[in-house]
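Summary of structural features
Chain by chain, the residues:
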Amino acid sequence: MPLEIHVLDYGDIELETSFLVLGHECGRTRRVPVYGFLILGGTYPVLVDTGYRDNAIMESLGMRGLQFHDNMIENQLAKHGLKPGDIRYILHTHLHIDHAGKDDQFPMNTTVVINRREMEFSVSGIMYPQYPKPDIQHLVERIYEEEAMRFLDLEITGAEEIIPGVWCEAAGAHTEGSMNVIVETAEGLACICGDVIYDFNDQIVNHVMTNNYMEPRVTGNHSQTKREEKAAIKKLLNNYTFLLPIHDRPAKIQNAQVVGRLGMQVPGPMTETVPNRNWFPM
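Residues numbered from 1 in each chain as written. Predicted model: local features only at pLDDT ≥ 70, side-chain atom pairs only at ≥ 80, totals over all residues. Heavy atoms only, no water.

1. Side note on the layout of surface pockets
In this structure, the largest pocket encloses a volume near 150 Å³. At the level of secondary structure, the elements contributing two or more residues to the lining of the largest pocket comprise helix H6 (200-205), helix H7 (226-239) and strand S14 (257-262). Top contributing element to the lining of the largest pocket by residue count: H7, with three residues. Its residues assigned to classes, the lining of the largest pocket shows nine nonpolar, three polar and three charged. (1 Å grid on protein atoms, 1.4 Å probe; cavity = no way out; pocket = protein on both sides within 12 Å on 5 of 7 lines; lining within 4 Å. Points joined across faces, edges and corners; volume = space filled by probe spheres on them. Helix = DSSP H or I, 4+ residues; strand = E, 2+ residues; numbered from the N terminus. Nonpolar A, V, L, I, M, F, W, Y, C, P; charged D, E, K, R; others polar.)

2. Observations concerning the pairing of strand S10 (residues 179-185)
Extensive coverage of S10 is indicated by the burial of six of its seven residues. With five bridges joining them, strand S9 (residues 166-170) and S10 adopt antiparallel strand pairing. Of the residues in S10, the one forming a bridge with alanine 170 is methionine 179. Pairing between S10 and strand S11 (residues 188-194): five bridges, direction antiparallel. Counterpart to threonine 185 in the pairing with S11 is glycine 188. What sits between the antiparallel neighbours S10 and S11 is a turn of two residues. (Buried < 20%, exposed > 50% of the residue type's maximum accessible area, 1.4 Å probe, protein only. Pairing = 2+ DSSP bridges.)

As structure tokens, then:
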């Protein structure tokens, strides 16, 4: 059975637009989704990211959480006939407040997979309070439970395989330890790219406040240099057929450009096409 990625809806967040796209519409509030991803069809069910702990915790960042009963992780998994205990691996793109908030709902024989640099980064205080204490404290406790944690050293080793057809690579953007999750599907390589991309339309398709051709706009929330972030986005656009960020709908990519948007499954039908921007005036 070919690998498929199913999008899990963990709720929404209201935040300032300039957090998503640097310098864009400062002071304007936008509502964005928080997604997780369930990879099925392989040796084991694999989950990528677990969302945020509860609505109240988002207030520590001045944001509003909008998580309801249907968004609870156990209910999202149940739609696919699974319980938390059925998940063999949880892969984390990174450990920010809206990505690792529900790990404590999974048993210790579910192995959490993290790039070691991200664990180091999370406890350094450098992006406090984006790494809340209850989430990170739980992950520290997992270190001392047999097989409850697997550390990757992606900056040194290069890509590492988790199960056949699923591997991780260093993202090179957003946080120092962020990683991408690559999935081999029947229609090409899909990349779950965390928060390296927040908003396809404003960062890549229209690339607001950017003059140069095919130059992506950076986000308003990154620890790397702007040049490193731009390069990481360009790498994604040049290497994958599908890109799946955490806060925007999946996109189909051709010739390093967004050509369409997908729904809650990858591969799956395109729900929207994007006009080709390779035109030249005569």
